[in-house]
Amino acid sequence: MPLQPQQTRTPYHISGRADEQALVDEFKGKPLTALRTPALIIDRAIFARNCAQMHERAKCWGASFRAHVKSHKTAEGTRLQLSSSADTTHAIVVSTIMEACEVLRAGLLVDGMVNDILYGLPLALNKVADLSALWDQCTPFNCHFRVLIDHPEQIRFVEAWEQQRGSKRRWSVFIKVDCGLKRAGLQPADPIFEELLHKALTSTFICVYGFYTHGGHSYSATSLPSATAFLSKELDAVNTAAGRALQILASSPDAQAHESPFVLAIGSTPTAHAVTPEAREFLSSLNGRLEIHAGNYPLLDLQMLHTGLVGAGSVAQRVLATIISYYPGRGEDGTDEAMCDAGAIAMSKETGPIEGYGMVVDKPWRLSRISQEHGILTQTRLFTREEMEGKEGKGPRLKIGDNVSIFCQHACLTLANFPWYYVVDSDGPDGAKNVCSVWVPWKGW
C-alpha cells in the first residue's frame, strides 16, 4: 500500500528563470535613471559589509554560523553570506525545496562553498520524497542534508518511508524548539515535547543533530538590552531541551547514534545583532556547542531599523520608483501627496512599527497607501515656506518624473516580488550610481 499523503515533486530542472547573463549584458554600466521602475536595487558593498559583521559576531562567541538564504534567494548573495572579509562558513538554511535545488544547480556544492544544508520548515510529509532525493544528490559532494522536526508523526512517516525503501539511513534532524514565538516548534515543558524527544532518540532512522529555535518576535525589540533579553530566551529554550535529551541518553545504549555534543542553534536578525562580547555571560553551562543563524541581516529594512540595532546606512536594499502624479494640498492639514509606480505588487502589504509601507530615503515622505501597481506618498512633516518656494529638485518637494528610493518594511517579502535585482557598489568608482551586475533570484517552492 502506498504511503499517505501522496508525495509531490519540485521539477526544478525545468523551472524558468530570467537569463542572467543577458540581463548583465543589457544593464551593466547603465545609470539607475535608465531603469524601468519599480526596480529592486541592492548595494553589494553594504551587503558584504553586513555579512562580515555577522561573522564577527559569531566569532566573538566562539559559535559557528549558518546563513539563511531565503531573503535574497541568489547564488551571488549566498557566496557573500558564506565567505566574507571576516570569516568563512559552509552551512546554510533554506525555506523551500526549490532553494535547495537551485543551490545544487548553481554549483555551490561542487566548489565546496556549501557542505551543510538545513531545510528550515518542519518536515512536510508530502515532501519526503523530494527531500530524500535532495539528500541523495548531496551525498556525492560530502554535503550534509538536515531537516527540522517538531511532531512525533513526522518521525513515524520517515520510518515508514525508509522501511518501504529497504533502507537503514538515519535522517539528521534538528528538533525545533519554541522560545515564545508560537510559530513552529514545541516548548520543552509541553507534554508532546517529551514524546517527540523519546521518539527521536529511540528511532533507528533518526540522528538528533541538535536543537533549533528562532526568535522572530524579537523584531519587537527597540534597543540592545531588549534584543539581548530575547537572545537569552532563545538560548535557554534550546539549552533546556538539550539538557533533557542528555538525561534520556544517559541510560540509552544508542547514545552514540546521535550528535555529540548537540548543536544549539539560535538566532534571528535582531537577536544575532545582540551577540556581543558583553553578552558572553549567557554561555556558561551549555549542553552543547553553539550555532547562530540569521537571514535578513545582509539586506535589512524598516522593521530592523525600528529595533535601533542598525542605522539607515546599513540597509543594503531599496525600491526605486518614479513619481507619476502629484496632488498639492490634498493631504492632511493641506500637505501634498504624490503618486509613485510602486504598489503592493512591488512592496508587499507588510506593515510594521514604523508607519506606512515604506519610507523614502533622504526625503520626508512616507508610502502611506498602496494599490496593486501604485502607491501614495505623504509628507512626514510640514515644509517651510522656503522649502515650498525653493528650486525644484533641491528641497524635500517632489515633482512628476522624479525617481525616489524607498526602504521597504520587510525585505524578504519585497524582494520576492521582483524577477531580478539590479546591483550597485557604493565602494566602486561611480559611488553606486550605475548598475554593476544583475542577480536573478530563485522562484517557487
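Residues numbered from 1 in each chain as written. Predicted model: local features only at pLDDT ≥ 70, side-chain atom pairs only at ≥ 80, totals over all residues. Heavy atoms only, no water.

A. Here's a closer look at the overall build of the chain. Scanning the chain for helices and strands turns up 13 helices and 17 strands. In summary, the chain has a C-alpha radius of gyration of 24 Å against a globular reference of 22 Å for 445 residues, a match within 12%. Dimensions along the principal axes, computed over C-alpha positions, put the chain at roughly 80 × 45 × 40 Å. Sorting the 445 residues of the chain into buried and exposed places 56% on the buried side. At a minimum sequence separation of 6, the contacts of the chain that also span at least 24 residues come to 77%. Per element, the accessible surface of the chain, about 18,700 Å² overall, is 52% carbon and sulfur. In the chain, which carries 43 positive and 47 negative side-chain charges, the distance between the mean positions of the two groups comes to 2 Å. (Helix = DSSP H or I, 4+ residues; strand = E, 2+ residues; numbered from the N terminus. Rg over C-alpha atoms; globule rule 2.2 N^0.38 Å. Buried < 20%, exposed > 50% of the residue type's maximum accessible area, 1.4 Å probe, protein only. Contact = heavy atoms within 4.5 Å. Areas by Shrake-Rupley, 256 points an atom, 1.4 Å probe, with all protein chains shown as cover. Lys, Arg positive; Asp, Glu negative; His and termini not counted. Charge placed at Lys NZ, Arg CZ, Asp CG, Glu CD.)

B. Region of the structure containing empty space enclosed by the protein. In the structure shown here, the tally under the stated rule is 1 cavity of 30 Å³ or more. Lining the largest cavity, in full, are Lys176, Val177, Asp178, Cys179, Leu181, Arg183, Ala184, Thr213 and His214. Partitioning the lining of the largest cavity into residue classes produces 4 nonpolar, 2 polar and 3 charged. (1 Å grid on protein atoms, 1.4 Å probe; cavity = no way out; pocket = protein on both sides within 12 Å on 5 of 7 lines; lining within 4 Å. Points joined across faces, edges and corners; volume = space filled by probe spheres on them. Nonpolar A, V, L, I, M, F, W, Y, C, P; charged D, E, K, R; others polar.)

C. Structural detail: the pairing of strand S3 (residues 91–94). By the alternation rule, side chains of S3 split into Ala91 and Val93 and Ile92 and Val94, which are all buried. Alignment of strand S2 (residues 64–68) against S3, held across 3 bridges, turns out to be parallel. Bridge assignment links arginine 66 to a residue of S3, and that residue is alanine 91. In this fold, S2 hands off to helix H3 (residues 75–82), which returns the chain to S3; that crossover is right-handed. With 4 bridges connecting them, S3 and strand S4 (residues 116–122) associate as parallel partners. When the bridges of S4 are listed, isoleucine 92 appears paired with isoleucine 117. In this region the chain leaves S3, passes through helix H4 (residues 97–105) and returns to the parallel neighbour S4; the handedness of that crossover is right-handed. (Pairing = 2+ DSSP bridges. Right-handed = clockwise from strand over helix to strand, strands pointing away.)

D. Examining the domain arrangement of the chain more closely. According to the domain assignment, the chain contains domain 1 (44–297) and domain 2 (303–409). For domain 1 and domain 2, the distance between their C-alpha centres works out to 38 Å. Taking both partners together, domain 1 and domain 2 bury about 890 Å²; carbon and sulfur atoms supply 68% of that area. When residues of domain 1 are sorted by the area they lose upon contact with domain 2, Ile46, Tyr219 and His273 head the list and together hold 46% of the total. The interface formed by domain 1 and domain 2 contains 0 salt bridges. The interface formed by domain 1 and domain 2 contains 2 residue pairs in polar contact (both at pLDDT 80 or more). For the side of domain 1 that touches domain 2, the secondary structure elements donating two or more residues are helix H2 (44–60), helix H8 (224–249) and helix H9 (269–273). A breakdown of the residues in the side of domain 1 that touches domain 2 according to their chemical character gives 7 nonpolar, 5 polar and no charged. (Domains from an automatic or database assignment. Buried area = accessible area lost by both parts, 1.4 Å probe. Salt bridge = Lys/Arg side-chain N within 4 Å of Asp/Glu carboxyl O. Polar contact = N/O pair within 3.5 Å; in protein donor to acceptor, adjacent residues only side chain to side chain.)

E. Spatial organisation of the side chain of aspartate 116. Residue placement: aspartate 116 occurs in strand S4. A relative accessible area of 6% places aspartate 116 in the buried class. Discounting chain neighbours no more than four positions away, the residues touching aspartate 116 are Arg66, His90, Ala91, Ile92, Cys143, His144, Arg146 and Tyr209.

F. Focus on H4. The element H4 is largely enclosed, with a buried count of 8 among its 9 residues. Looking at H4, one finds that the buried residues are Ile97, Met98, Glu99, Ala100, Cys101, Glu102, Val103 and Leu104. In this structure, the buried residues of H4 make contact with S3, S4 and helix H5 (128–138). In the stretch just after H4, glycine 107 is the one whose phi turns positive, near 80°.

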